[in-house]
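Geometric and topological summary
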Amino acid sequence: MSIEERLFPKIWQALGKWLKQKSLSLDALAKFTGKSRERIQNGIRNGTEWIDSKFIHDCIEFFGFQFRRGTEDFDDVLSDEECIDLLTSILEDEQFNSDLE
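Everything in this summary refers to the structure shown in the same document. By convention here, each chain's residues receive numbers from 1 onward along its written sequence. Since the coordinates come from a predicted model, pLDDT governs what is reported: local features require at least 70, and pairs of side-chain atoms require 80 or more to be given and counted, while whole-chain, interface and lining totals use all residues. Remark: hydrogens and water are excluded; side-chain values derive from all non-hydrogen atoms of the structure.

Of note in the backbone geometry, Ser-23 takes a positive phi value of approximately 50° without being a glycine. Counting from the N terminus, the helices are the DSSP runs of H or I reaching at least four residues and the strands are the DSSP runs of E reaching at least two. Take Ser-23: it is sitting in the loop between helix 1 (8-21) and helix 2 (26-33). For Ser-23, a relative accessible area of 66% corresponds to the exposed category. Burial classes: relative accessible area under 20% of the type maximum marks a residue as buried, over 50% as exposed, and values in between as partly exposed (1.4 Å probe, protein chains only).

Okay, here's the thing in structure tokens:
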């Protein structure tokens, strides 16, 4: 499955927030995913860098959304859409928290 381009800005925004919340570096994400630091930084800044399925699944693992179901790795059975929902949940949580203030 390919990731819809209209979702790129939201995904990049979420990735930036996860990096900040978990105090992780662009360099660490770049090394883990194989995407260059510059492309990640550019994606977070302007939301237009291309995102593919492998990158989404690598991010799920990088940010610690790893679970086990029996002998299967949970991220291996998640669809791209489910991965995107997990990654972008930080944006919904942030909106919910600001609504409470």
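We now examine the side chain of Thr-88. Mapped onto the elements of the fold, Thr-88 is located in helix 6 (residues 80-100). Any pair of N or O atoms that falls within 3.5 Å is considered a polar contact. Within protein, one atom must be able to donate a hydrogen and the other to accept it, and sequence-neighbouring residues count only if both atoms are side-chain atoms. A polar contact is formed between the side chain of Thr-88 and the backbone oxygen of Ile-84, at a distance of 2.8 Å. Pairs of residues are marked as contacts when any of their non-hydrogen atoms sit within 4.5 Å. The residues touching Thr-88, leaving out its near neighbours within four places in the chain, are Lys-10, Ile-11 and Ala-14.

So, on to the environment of Leu-26. Inspection of the secondary structure puts Leu-26 in helix 2. Remark: the alpha-carbon pair of Leu-26 and Gln-41, spanning 15 residues in sequence, is separated by 7.1 Å. Residues in contact with Leu-26, not counting those within four places in the same chain, are Leu-19, Arg-37, Ile-40, Gln-41 and Ile-44.

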